[in-house]
Structure formats: C-alpha cells, structure tokens
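Each chain is listed here by its residues.
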Amino acid sequence: LMIPILIIALGFFLRLFNLSSWFYFTHDEETIVWRIMPLLRDNNLFLLGGVTPFHVHLGPWFYYLSALILKLSQFNPLGWGIAAAVFSFLTMGLMFYVGQLFFGRRVGLVALLLYASSFLMIAFERHWWPLYFGPLLSLIVLICLYQLIRGKSIFVIPLGLALAFGFHTDPSNWGLLLLTAVTWIKFKPKIIKKHLNIAILTFLISFLPLIIFDIKHQGVNLAGVKQYFSETRPHQGLSSSRFLSVLAFVPKGLSRLIYTGPPELTSIYTYCRQLITTYPIALTITFIVLISFAVLVWRHRHEPAYWLLGSYFFLLFIGLNLYGNFFSSDLFDHYLATLFPVFFLIIAVLLDRLFPPIRLAIIVTLVSLNLFLFSRTTTQDSFLLKRQAVAWAIEQIGDQPFALDSLSSCFRYNGTRYLFTLAGREPAQSFVDTNFGWLYPHPPSSQTPLARVIFVHADFTGSLSSNIIASQTFGSWKVLIITQ
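Residues numbered from 1 in each chain as written. Predicted model: local features only at pLDDT ≥ 70, side-chain atom pairs only at ≥ 80, totals over all residues. Heavy atoms only, no water.

(A) View of the pattern of salt bridges. Inspection of the entire model under this criterion finds eight salt bridges. Across the salt bridge formed by Arg 256 and Asp 333, the nearest N and O atoms sit 2.8 Å from each other. Of this pair, Arg 256 sits in helix 14 (residues 240-258) while Asp 333 is found in the loop between helix 16 (304-326) and helix 17 (340-351), placing the two residues 77 residues apart along the sequence. The burial state of Arg 256 is the same as that of Asp 333; both residues are buried. Where Arg 452 meets Asp 405, a salt bridge forms, and the shortest distance between an N and an O atom there is 3.5 Å. A residue pair is termed long-range when its members are at least 10 positions apart, and Arg 452 in strand 3 (residues 451-457) and Asp 405 in strand 1 (residues 402-407) qualify at 47 residues. Through salt bridges with shared partners, a single ionic network connects Asp 405, Arg 412 and Arg 452. (Salt bridge = Lys/Arg side-chain N within 4 Å of Asp/Glu carboxyl O. Helix = DSSP H or I, 4+ residues; strand = E, 2+ residues; numbered from the N terminus. Buried < 20%, exposed > 50% of the residue type's maximum accessible area, 1.4 Å probe, protein only.)

Following this line, the structure appears as structure tokens:
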C-alpha cells in the first residue's frame, strides 16, 4: 500500500507546485466566474449550466460546485486550482484501483505512475473547467460497470450519480452513457430493483432544472438543437478525408500523454492549432500501442476488463466520427479526456507482458522524460503575473474611469476583466462586455472613457496608439496606459 500512496503523493505535489503561476485562468474560466456570480452576489439560483457546441445548455451542477469552491476561496479562482489538485488525488487513487481490479496490482502501479507523472495530465489537472472531470468520471463508470457484471448490484447507484453529473458537465462524457447502454445489453446484469430505481431517479432528477427552464421559456433551450442542424446542414455527410482525419485525431491526441513537446502550458489546450505539437516518435509509439491492444482485446473479448476498454474506444471513435465527420464540426484534443486513464491502462497492460528489464527501462524513460518537461515548465499566461499586471494598471490609472482592451492573435480572451473586479476596480467598458455585461452588478457605461488599459500579447503584430503614457511588461504581456 505504501508504494501507491507515495506515487499519489508525488502526483499531488506536481499538481500543486508553483500553483499561483501555473494555474490556468483565461476565458473559459472567466465564463464560469461570471455565470455563477449572480448566485454568489444576489442569491439568484440559475437553472442553466454551460452551453454545448449543439447550442443547448446543460444542467447547472458543475457550476453550483464551482460556486461553492469560489465562495470558500473568497472569490479567488486559485481556489479552483487547489480543488483540482484535491480531486486529482481521488482520480489517481481510482487509477490504481481500476488497474489492480482489472489486470492485477503491477498493472495498477504502472498505470498510476504513468498517469501521475505525465506532463499533459499535470497540466490538464491545473485547469478548472467542465472537461476536468472526464478522467475521474470514466474511471468511476468503468469500476461500476465491471462490478455490475460481477453481480454487485449496489454499484448501479454510484453509476447513476456519475452519469448524471457527467452528462451535465460536458458532451465529451456522453460516450460513457453509450458504454453503459451497450454493457447493459450484452451482460444483462442482475440489479436489485431498489438500487436500480435510485439510480434512475438520480439521473432523471438531474434534468429537473432544464425541464423547469424550458417550461418557463417555451422550450427555448431545446430549440438550440435546430440551430446546430441548420448551421451544419451544408457540410453534413460522410467524407473519406474527414474519416481519415478523425482516425488520425485519436492517436495524435493520446500521443501527447507520452510526450507533449515544449513544456509551455498555454499551448497544451489552446484552440490555436499552430501552437500544438505532435512528435513522430510519440505518435508512432501510440499507433503501436493501440494496434497491439486491439489484438489483445480481440483475443480476450470474452473477458469483461478487455471488453469494457475496447468497447469504449470503439464507441468513442464512432461518436467522434458522427461529430467530426458527418457534422464536420471541429475536434480538439481535450475532447479525449475520458480516454486519458484508459490509455494509461492500455500502456500498463502491454508493458506487463514485456521482459522485466525492458519493462523497467521503458517506464523509467517515460517517467524521466515527463519529469524533465515538468522541470522546464513555462507559461505565457501566468495567473500571478496577470494579477500583478492588473494591480500595476490600477495604480497607474488612479480614480479616473477607463476602458479595458486586449490585443493578441491567440490569447486575447485572457480572463483579465474578472481580475480587475477581484482587485476591487471595475472598468467602465471592456472587450468582453458583449459576453458578460448582463452578468455584471451594474451595466457597462454607455460613454467611452478617455483613458484605456490595453493588454498587448507578444504575438500581436498590429499597430498601437501613440498616446501611451505608461507601459510595463509582465511575462508575455505588455500593459499600456493610453489617453485620448
């Protein structure tokens, strides 16, 4: 027991170390802040959570949890970073448990070690957003389904809770529902009626806020699906080129769990594709791993452990093809979050079949490479430096009203609007008012102030005003004070 505890402690340390600088806080996180602010500020209990690419809002449960944590941390988003590390403690524990339950203690230890030390996982679990819970939820669902197959009826209750929370957190978790349905059809587990009723009731109750909202607003939320079908109609249809793109997308994304390249945190989950790097060696290894495991799954297809992992890979690939191929929608690596722990399990299973000295050499190499990346971590969007930049701008601007703007080709939406609120100084206008203005305590000013605070990223190549009265650089951001 001591070895997994030490590995989990190492992973926990890696996820907390230098948190104030390496915590990721940009537009996605600021969206969560402003969405929950009416609840925290005005006790206004909202019924809708985040919006999906399908233009339909999910339930508010992730946002309620985020609100509680933000309240406890006195509105400092860094509290989310601490919460993320705490939840990762649980995820790592389940990583070991699933490996041991499915394939034995040695596989559990190897999967845990690779998961705990992976630079991509460390970065992912410093980022509080709806996709954060994907790995944890997939492990819970795998445990529950495996135990249900073995006749342990009580596990249908945590399964219902996980599926309910996962459904309303992010669509990337919906594949777990498909896995549950397919597993139910194949194995027909015998469930005590009382347990099943509790699980079903839990799942149905999770939709209650959405039902209430749509009843009050004539179904406006569900109507968003029509907009998605309308927008994608010109591109709907299966395409061989898009199929190949999706086929390559999965190993490309997973290969970064082995080696992610330059340890720049802001490029880990950026939406700017030019900043994402895939290394041929890591990609080749990933292809070998996936093909080898596919052979193993076929040979052991009647064993629940292999069947569950293989089926989930297949179902998720079908789902990605439906979304990225048929509907021609954009795919991003973080959509694979629920596959992350599965991939580490697969690597551990394959390593367990190798000659011990070779297995040890590979494990040491992978862990050493990722710890080396961690030791060289950089970030273009340091949370600490942005807070310092905001404090400096407030000092320079004094009591006069000001407008806030941000200039960057990739990082414009940097979360700084909320950081001014956190510092106690509200801009009269800002570049995100269109998105968040309706959630402010007071509407943005209709008059444009004479003074402006502009955050300019190092990647910005446009021209700047000549009326700069002060400037200061904070990491990759230069903050300008400008007057008309």
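(B) Quick peek at the nonpolar core. Trp 80, Phe 102, Trp 128, Leu 254, Phe 340 and Val 453 are the most contacted members of the largest nonpolar core, which has 149 residues in total. Within the second largest apolar cluster, five residues are counted, among which are Leu 407, Val 456, Leu 480 and Ile 482. (Core = buried A, V, L, I, M, F, W, Y, C linked by side-chain atoms within 4.5 Å.)

(C) View of the side chain of Ser 239. Residue placement: Ser 239 occurs in the loop between helix 13 (224-232) and helix 14. A distance of 3.3 Å separates a polar atom in the side chain of Ser 239 from the backbone nitrogen of Arg 242. (Polar contact = N/O pair within 3.5 Å; in protein donor to acceptor, adjacent residues only side chain to side chain.)

(D) Here's a closer look at unusual backbone geometry. Phi is positive for Gln 74, close to 55°, though the residue is something other than glycine. By the element assignment, Gln 74 lies in the loop between helix 4 (61-72) and helix 5 (78-103). Take Gln 74: its relative accessible area is 68%, and that puts it in the exposed class. A positive phi angle, close to 70°, is found at Phe 75, a residue other than glycine.

(E) Examining the state of the cysteines more closely. What the rule picks out here adds up to one disulfide. Two residues, Cys 272 and Cys 410, share a disulfide whose sulfurs are 2.1 Å apart. Its S-S torsion of approximately -140° makes the covalent link between Cys 272 and Cys 410 left-handed. Here the residue Cys 272 occupies a position in the loop between helix 14 and helix 15 (280-299), and Cys 410 occupies one in the loop between strand 1 and helix 20 (416-422), the gap between them amounting to 138 residues. For the residue pair Cys 272 and Cys 410, the accessibility class agrees, reading buried in each case. (Disulfide = S-S within 2.5 Å.)

(F) Helix 17, seen in detail. Helix length check: helix 17 (12 residues) gives 17 Å between terminal C-alpha atoms against 16 Å at 1.5 Å per residue, within 8%. Of all the 12 residues making up helix 17, 12 are buried; the element is thus mostly covered by neighbouring parts of the structure. (Expected span 1.5 Å × (residues − 1).)

(G) Region of interest: helix 12 (residues 208-216). Within helix 12 the residues assigned to the buried category are Pro 209, Leu 210, Phe 213 and Asp 214. Buried residues in helix 12, looked at end-on, bunch into an arc of 125°, giving them a common side. Residues Ile 215 and Lys 216 are exposed on helix 12 and point more than 90 degrees away from its buried face. With its phi angle positive at about 55°, Gln 218 sits one or two positions after the end of helix 12. (Arc of directions from axis to C-beta.)

(H) Expanded view of the confidence of the model for the protein chain. Looking at the protein chain, the pLDDT average stands at 93 and 100% of residues meet or exceed 70. Confidence scores differ between elements of the protein chain, with helix 13 showing the lowest mean pLDDT of 85 and helix 8 (residues 134-149) the highest of 98. (pLDDT = per-residue confidence, 0-100.)

(I) Highlighting the environment of Leu 58. Here Leu 58 is to be found in the loop between helix 3 (27-42) and helix 4. Separated by 130 residues in the primary sequence, Leu 58 and Lys 188 have C-alpha atoms spaced 30 Å apart. Apart from the residues lying within four places of it in its own chain, the contact partners of Leu 58 are Leu 48, Gly 49, Gly 50, Thr 52, Phe 167, His 168, Thr 169, Asp 170, Pro 171, Trp 174 and Leu 210. (Contact = heavy atoms within 4.5 Å.)

(J) Geometry of the side chain of Glu 125. Tracing the chain through its elements places Glu 125 in the loop between helix 7 (119-124) and helix 8. Accessibility expressed as a relative area gives 1% for Glu 125, which makes it buried. Excluding its chain neighbours within four sequence positions, the residues that come into contact with Glu 125 are Arg 15, Ala 84, Ala 85, Ser 88, Thr 91, Tyr 115 and Tyr 132.

(K) Here's a closer look at the packing of aromatic side chains. In total, this model carries 49 aromatic pairs according to the counting rule given. The interplanar angle of 75° and the centroid separation of 5.7 Å between the aromatic rings of Phe 54 and Tyr 323 together place this pair among those described as edge-to-face. Within this pair, whereas Phe 54 is found in the loop between helix 3 and helix 4, its partner Tyr 323 is found in helix 16, the two being separated by 269 residues in sequence. Judged by relative accessible area, Phe 54 falls into the partly exposed class, the value being 21%. Consider the rings of Tyr 413 and Phe 431, whose centres lie 5.9 Å apart with planes at 45°: the pair is tilted. On the criterion of sequence distance, the pair formed by Tyr 413 in the loop between strand 1 and helix 20 and Phe 431 in the loop between strand 2 (429-430) and helix 21 (433-436) is long-range, its members being 18 residues apart. Overall, the relative accessible area of 37% leaves Tyr 413 in the partly exposed class. For Phe 431, a relative accessible area of 11% puts it in the buried group. Aromatic rings pair up to connect Phe 54, Phe 167, Trp 174, Phe 203, Phe 207, Tyr 228, Phe 229, Tyr 323, Phe 326, Phe 327, Phe 332 and Tyr 335 into one cluster. When the ring centre of Phe 187 is taken as origin, the NZ or CZ atom of Lys 186, which lies over that ring, is 5.4 Å away. A cation over a ring is seen here: Arg 417 above Tyr 440, with NZ or CZ 4.2 Å from the ring centre. (Phe/Tyr/Trp six-rings, centres within 6.5 Å; stacked < 30°, edge-to-face > 60°. Lys NZ or Arg CZ within 6 Å of the ring centre and 35° of its normal.)

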